[in-house]
Amino acid sequence: MNTIDAAPLVQRIARISTVNAWSVTILAGSFTVLSLLGMSIAGVIVGAAVTAAGPIELFGLKQLHTDPSRARRWMMASQLWLMLCVLTYCTWRLLSLDPDNPFEVFGDASQVFELVEMFGIPKAYLASLFIQAFYITYGLVAGLTLLVQGGLTVYYGTRIDRLMRDGTAPVSPSA
């Protein structure tokens, strides 16, 4: 690979990183603000921790044009941090569900139970459906996080390694 071939690869890495970093920052930042408005301390802590992955990745992206080795560390670290935060949150939520009283997460849900009883759905059946949906939801979030962020970690590592291994010169941001 020569310097001319490096520009498309750097642009592709930069495009993927920019979209990912800003998506994480905006989405997680919005949930952090909503948690703050809802006065959820746990939500604010988790949201802020997840939001931090975006600026970390953007910092790494900025390094891509001048120091690919440093960019690789920061960009991969942002994905690993994001995975750690999301997997920790999913584990915490899964362990916090009380199968004997799964609806406590809703607080006072008496109106919902009255409506469900009007349709003849037993509360035990509704509880079993809720527990299944709860586990499936958090399992999917954890699995997709491993797939997407794990994939990006590998992508950043291999592609930036390729730039460094082939001895290509850093490409200026205007390229």
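Quick note: structure is the one above.
Residues numbered from 1 in each chain as written. Predicted model: local features only at pLDDT ≥ 70, side-chain atom pairs only at ≥ 80, totals over all residues. Heavy atoms only, no water.

## Some words on the overall build of the protein
Secondary structure assignment for the protein yields six helices and zero strands. For the protein, the succession of helices and strands along the chain, N to C, is α-α-α-α-α-α. In the protein, 78% of the contacts between residues at least 6 apart in sequence involve partners at least 24 apart. Here the protein has roughly 10,500 Å² of accessible surface; of this, 69% comes from carbon and sulfur atoms. (Helix = DSSP H or I, 4+ residues; strand = E, 2+ residues; numbered from the N terminus. Contact = heavy atoms within 4.5 Å. Areas by Shrake-Rupley, 256 points an atom, 1.4 Å probe, with all protein chains shown as cover.)

## Things to note about the packing of helix 2 (residues 41–51) against helix 3 (residues 53–63)
Look at helix 2 against helix 3: their axes get within 4 Å of each other, and the N-to-C directions meet at 10°. For the element pair helix 2 / helix 3, the angle class is roughly parallel. Seen from helix 2, the contacting residues are Ala49, Val50 and Thr51; seen from helix 3, they are Ala53, Gly54 and Pro55. Of the residues contributing to the contact of helix 2 with helix 3, the split by class is four nonpolar, two polar and no charged. (Axes fitted to C-alpha atoms, helices over the stretch in contact; angles between N-to-C directions. Parallel < 35°, antiparallel > 145°, perpendicular 65-115°, else oblique. Nonpolar A, V, L, I, M, F, W, Y, C, P; charged D, E, K, R; others polar.)

## Considerations on helix 4 (residues 68–96)
With 29 residues, helix 4 extends 42 Å from end C-alpha to end C-alpha; this agrees with the ideal 42 Å at 1.5 Å per step. Pro68, Ala71, Met75, Met76, Ser78, Gln79, Leu82, Met83, Cys85, Val86, Cys90 and Arg93 are the residues of helix 4 that are buried. (Expected span 1.5 Å × (residues − 1). Buried < 20%, exposed > 50% of the residue type's maximum accessible area, 1.4 Å probe, protein only.)

## A look at the pattern of salt bridges
Here the structure, examined in full by the defined rule, presents one salt bridge. The closest approach of N and O atoms between arginine 72 and aspartate 161, which form a salt bridge, is 2.9 Å. Here arginine 72 is found in helix 4, whereas its partner aspartate 161 is found in helix 6 (residues 123–165), with 89 residues between them in sequence. Aspartate 161 gets classed as partly exposed once you look at its relative accessible area, which sits at 27%. (Salt bridge = Lys/Arg side-chain N within 4 Å of Asp/Glu carboxyl O.)

## Comments concerning a positive patch on the surface
A cluster of basic residues, Arg12, Arg15, Arg159 and Arg162, forms a positive patch at the surface. Counting residues per element, the ones that place at least two in the positive patch are helix 1 (3–37) and helix 6. Turning to its location among the elements, arginine 159 is positioned in helix 6. Take arginine 159: its relative accessible area is 30%, and that puts it in the partly exposed class. (Patch = residues over 30% accessible without salt bridge, like charges linked within 9 Å, V, L, I, M, F, W, Y side chains within 5 Å. Lys, Arg positive; Asp, Glu negative; His and termini not counted. Charge placed at Lys NZ, Arg CZ, Asp CG, Glu CD.)

## Structural notes on the environment of serine 35
On the secondary structure map, serine 35 appears in helix 1. For the pair formed by serine 35 and glycine 47, sequence separation is 12 residues and the distance between their alpha carbons is 7.8 Å. Apart from the residues within four sequence positions on either side, serine 35 is in contact with Ser40, Gly43 and Val44.

## Some points on the environment of aspartate 100
Along the chain, the position of aspartate 100 falls in the loop between helix 4 and helix 5 (110–118). Counting along the chain gives 27 residues from aspartate 100 to alanine 127, while the straight-line C-alpha distance between them is 8.8 Å.

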